[in-house]
Amino acid sequence: MRIGVPCEPADQPRAAASPQTVERMIRLGYEVLVEHGAGARAQFPDEAYEAAGARLAGGAQVWGCDVVVSSSAPAEEHLALMSRGAVLICRMDPARRPELLESLRERGVTALALDVVPRISRAQSLDVLSSQANLAGYRAVIEAAAHLGRLFSGQVTAAGKFPPATVYVIGAGVAGLSAIGTACSLGAQVRGSDVRPEVADQVRSMGAQFVPLPSAQEVSSDGYAKEMSADQASAANALYAQQAAESDVVITTASIPGRRAPVLLDRSAIEAMRPGSVIIDMAAATGGNTKLTVPGQVVTTDGGVTIVGHTDLAGMLPAQATQLYGRNIVNLLGLITPDKDGALTLDLDDEVIRAITVTHDGELLWPPPPIQVSATPAPSRPEQTAADDAAAQETARAAQARSRSRQWLGLAAAALVAAALVLVTPSAATSHYIVLMLSVILGFHVISNVTPALHTPLMSVTNAISGIILVGAISQVGSPHPLISAISLAAVVLATINIVGGFAVTHRMLAMFTKD
């Protein structure tokens with residue numbers, strides 16, 4: 001079968017395939033035709049596609065292929081060039097374009113919409129929304145830095161000092177987390193909020209502070225965001241307005257598939273922001289998250305707040321956007337070409353394939369049947385009476401009391417052992433115990449405050465400490481006192497095991513970041 005890669009419209013800078021993904025399509029057994037100039041705006045010349053094994057062709061020939069892959073939905077004149085039974089793979093926004101679906105059905109085209117991939121683990125490699133949102137979040141911060149007119153990181157110089165910029169990100173999905181990570185890497189103080197309280201750890205892991213909403217949102221059952229109730233939206237918008245007034249940059253990412261983007265910041269909230277502040281509205285393509293957003297334009301309010309309404313932030317990085325989009329398509333082709341023989345097999349019993357197939361054999365298959373993607377609920381427990389609850393609480397209190405008793409007994413035993421050691425130790429060496437206790441206390445506080453990102457360097461430090469212990473223990477192995485000699489021998493063995501194991505683990509961790 002032949003795959004066609006056509007030129008995209010003037011407002012679409014990314015292509016549907018890069019030379020690298022063309023090579024992978026050919027390895028799946030397909031013949032690939034690329035329209036002249038298809039990758040020019042993504043910095044991929046025709047020669048690169050030819051070197052990858054593709055054949056250059058005109059637009060009519062490309063649209064007449066068995067399979068057509070595109071970044072955007074085709075116009076009517078392009079649909080007229082497709083043959084009945086052909087397969088179209090692209091982003092279609094089927095929930096908002098019923099007329100396109102009807103046209104595809106009438107022409108007998110099998111259409112696969114890449115922008116409705118279900119949010120389940122096995123479909124992540126096909127999810128163009130996630131791959132493009134990751135780029136969009138990065139680009140949103142770059143746009144914010146360009147319009148803010150000041151450094152994100154604070155500095156102390158001979159001429160004076162200034163604090164870092166404060167960034168507030170609304171929404172901690174793929175785009176939001178990407179924006180949070182980029183802003184943190186630039187040195188800004190970042191805060192983030194999301195309707196899902198379970199993403200708080202993800203926000204904190206990126207180095208930002210999580211600001212919870214007044215009321216938690218129900219977890220989505222399909223992996224996409226749901227519209228909040230009126231009371232929830234009102235309480236959340238009040239928090240957004242408060243945080244926005246304290247921030248230099250606000251990045252909004254809230255979007256609901258098939259619906260207009262929710263308004264998070266109204267006119268009064270924007271007017272309360274400081275002059276020079278910047279809002280990056282990542283939902284501008286679907287109406288915008290603010291009342292004053294103008295899709296496709298950058299506007300400045302009378303109060304000096306700049307609102308950036310770019311509708312395709314990922315497209316502003318066309319080379320990377322093309323590469324990721326092309327990989328998503330190749331992963332889909334790998335799924336529907338199980339034998340790698342260039343023969344497309346559409347298995348509608350596969351829940352992923354069924355979810356993205358909107359038309360097939362002259363039938364309209366949109367909307368697809370729902371897919372449950374939320375975590376499996378815990379098995380229900382038999383209903384407990386008040387007496388059962390009281391007994392359970394009493395049992396828990398008894399267990400806690402026994403645990404505390406064991407802890408006190410352990411501390412008492414440790415104190416007795418320490419006292420015995422002090423009594424049998426020569427008076428000249430008793431001062432070393434004070435040094436040992438202080439070292440233990442200091443080491444505990446230092447190590448407990450090390451962030452997870454520094455665990456690998458910390459392991460190297462512990463290896464160095466173990467080396468010092470090893471050297472000291474070797475010097476005491478030959479002591480005439482049998483107790484000192486035995487303790488030194490044990491220290492030699494344990495320190496050696498720690499050093500060897502530490503370096504082995506370090507090398508394994510470093511190997512994870514090494515290319516094959």
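Calculation rules
- Residues numbered from 1 in each chain as written.
- Predicted model: local features only at pLDDT ≥ 70, side-chain atom pairs only at ≥ 80, totals over all residues.
- Heavy atoms only, no water.
- Core = buried A, V, L, I, M, F, W, Y, C linked by side-chain atoms within 4.5 Å.
- Buried < 20%, exposed > 50% of the residue type's maximum accessible area, 1.4 Å probe, protein only.
- Helix = DSSP H or I, 4+ residues; strand = E, 2+ residues; numbered from the N terminus.
- Pairing = 2+ DSSP bridges.
- UniProt positions renumbered as here; feature names shortened; annotations may be inferred.
- Contact = heavy atoms within 4.5 Å.
- Axes fitted to C-alpha atoms, helices over the stretch in contact; angles between N-to-C directions.
- Right-handed = clockwise from strand over helix to strand, strands pointing away.
- Expected span 1.5 Å × (residues − 1).
- Arc of directions from axis to C-beta.

*Asks:* Lay out the nonpolar core in plain terms, naming residues and giving numbers.
*Replies:* By size, the foremost hydrophobic cluster in this structure holds 58 residues, and its most contacted members are Leu88, Ile89, Met92, Leu332 and Leu333. Examining the composition of this core, we find that six residues originate from one element, helix H11 (residues 318–336), more than from any other. If you look at the next biggest cluster of nonpolar residues, it comprises 35 residues, including Ala179, Cys184, Val190 and Val308.

*Asks:* Explain the sheet that holds strand E13 (residues 278–281) to me, using residue names and the numbers behind them.
*Replies:* On the basis of which strands lie adjacent, the open sheet formed by seven strands has the order E11-E10-E9-E12-E13-E15-E14 and mixed pairing. Edge strands, defined here as strands with exactly one partner in the open sheet, are strand E11 (209–210) and strand E14 (298–300). Direction of pairing for strand E12 (residues 249–252) relative to E13: parallel, over a ladder of four bridges. Each residue of the ladder has a partner; that of threonine 252, found in E13, is aspartate 281.

*Asks:* An account of the pairing of strand E5 (residues 87–90) is requested, with residue identities and associated values reported.
*Replies:* As a general feature of sheets, a regular strand has side chains that alternate between the two faces. Burial along E5 is two-sided: Val87 and Ile89 and Leu88 and Cys90, pointing in opposite directions, are all buried. Pairing of strand E4 (residues 67–69) with E5 involves three bridges; the strand directions are parallel. What sits directly across from valine 69, in E5, is isoleucine 89. Sheet topology note: the E5/strand E6 (residues 110–113) ladder contains four bridges and is parallel.

*Asks:* Tell me about the UniProt feature "transmembrane region" (unreviewed entry) in the chain, and please be specific about residues and values.
*Replies:* UniProt records the feature "transmembrane region" (unreviewed entry) for residues 408–426, 432–451, 458–477 and 483–505 in the present numbering. In this annotation, residues 408–426 is assigned 89% helix and 0% strand; the end-to-end C-alpha distance for the span is 29 Å. Taken end to end, residues 483–505 has its terminal C-alpha atoms 33 Å apart, with 100% of it in helix and 0% in strand.

*Asks:* An account of the sheet that holds E4 is needed here, citing residue identities and associated values.
*Replies:* Pairing in this open sheet of eight strands is mixed, and the strands run E3-E2-E1-E4-E5-E6-E16-E17 from one edge to the other. Pairing within the sheet leaves two strands with one partner each, and these edge strands are strand E3 (55–57) and strand E17 (363–364). Two strands pair when backbone bridges link them, and strand E1 (residues 2–5) and E4 are joined in this way by two bridges, in the parallel orientation. Among the inter-strand pairings, isoleucine 3 is bridged to a residue of E4, identified as valine 67. Where H11 meets the sheet, it contacts E1, E4, E5 and E6, and its direction lies at approximately 140° from that of E5.

*Asks:* Before we move on, could you go through the pairing of E6 and cite the residues and values that matter?
*Replies:* Neither face of E6 is open: one carries Thr110 and Leu112, the other Ala111 and Ala113, and all of them are buried. Each parallel crossover has a hand, and for E5 linked through helix H5 (residues 98–106) to E6 it is right-handed. One ladder, built from two bridges, connects E6 with strand E16 (residues 357–360); its direction is antiparallel. Note that in E16 the partner of leucine 112 across the bridge is threonine 357.

*Asks:* Residue-level account of helix H9 (residues 230–245), with values.
*Replies:* Between its first and last C-alpha atoms H9 spans 23 Å; for 16 residues at 1.5 Å apiece the expected length is 22 Å, and the two agree. Along H9, the residues classified as buried are Gln232, Ala236, Leu239, Tyr240, Gln243 and Ala244. Down the axis of H9, the buried side of the element spans an arc of 135°, and every buried residue falls inside it. Across from the buried face of H9, at angles greater than 90 degrees, the exposed residues are Ala230, Asp231 and Ser234.

*Asks:* Kindly report on H5, identifying the contributing residues and their values.
*Replies:* Where H5 is concerned, the buried positions are Leu100, Leu101, Ser103 and Leu104. Buried residues of H5 fall within an arc of 160° about the axis and therefore sit on the same side. Turned more than 90 degrees off the buried face of H5, the exposed positions are Pro98, Glu99 and Glu106. In this structure, the buried side of H5 is in contact with helix H4 (76–79), E5, E6, E16 and E17. Backbone geometry just downstream of H5 places glycine 108 in the positive-phi region, at approximately 70°.

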